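# Architecture and fold: a report
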Amino acid sequence: MADSAAETTRFRVEGMDCAACASKIETAVRRVPGVTEASASFTAGTLNVTHDGSAQRAAIEKAVRH
């Protein structure tokens, strides 16, 4: 059951060129405190992040870069 306070934020991610890249990004972002789900699409170059509002945007961006 989804939390009614959950928010979803979409990020544009450049440089994802395969499904494995997208999977690595999803795994890294899911580890960010406050994130409940991450879904990356390498074909669209996007990352959808569902979070409880406490997730820091900078922490999400850092997880994507590394």
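The structure contained in this document is the topic of the report that follows. Remember, predicted model here, so these are calculated numbers, not experimental data.

The end-to-end C-alpha distance of helix α1 (residues 19–30) is 16 Å, a good match for the 16 Å that 12 residues give at a rise of 1.5 Å each. Of all the positions in α1, only A22, I25, E26 and V29 are classed as buried. Buried residues of α1 fall within an arc of 100° about the axis and therefore sit on the same side. For α1, the elements touching its buried residues are β2 (35–41), β3 (46–51) and α2 (57–65).

If you trace the backbone, E26 turns up in helix α1. A distance of 2.7 Å separates a polar side-chain atom of E26 from the backbone nitrogen of A40. Sequence-distant contacts of E26, that is, excluding residues within four places in its chain, are made with A38, S39 and A40.

About the cut-offs
Residues numbered from 1 in each chain as written. Predicted model: local features only at pLDDT ≥ 70, side-chain atom pairs only at ≥ 80, totals over all residues. Heavy atoms only, no water. Helix = DSSP H or I, 4+ residues; strand = E, 2+ residues; numbered from the N terminus. Expected span 1.5 Å × (residues − 1). Buried < 20%, exposed > 50% of the residue type's maximum accessible area, 1.4 Å probe, protein only. Arc of directions from axis to C-beta. Contact = heavy atoms within 4.5 Å. Polar contact = N/O pair within 3.5 Å; in protein donor to acceptor, adjacent residues only side chain to side chain.

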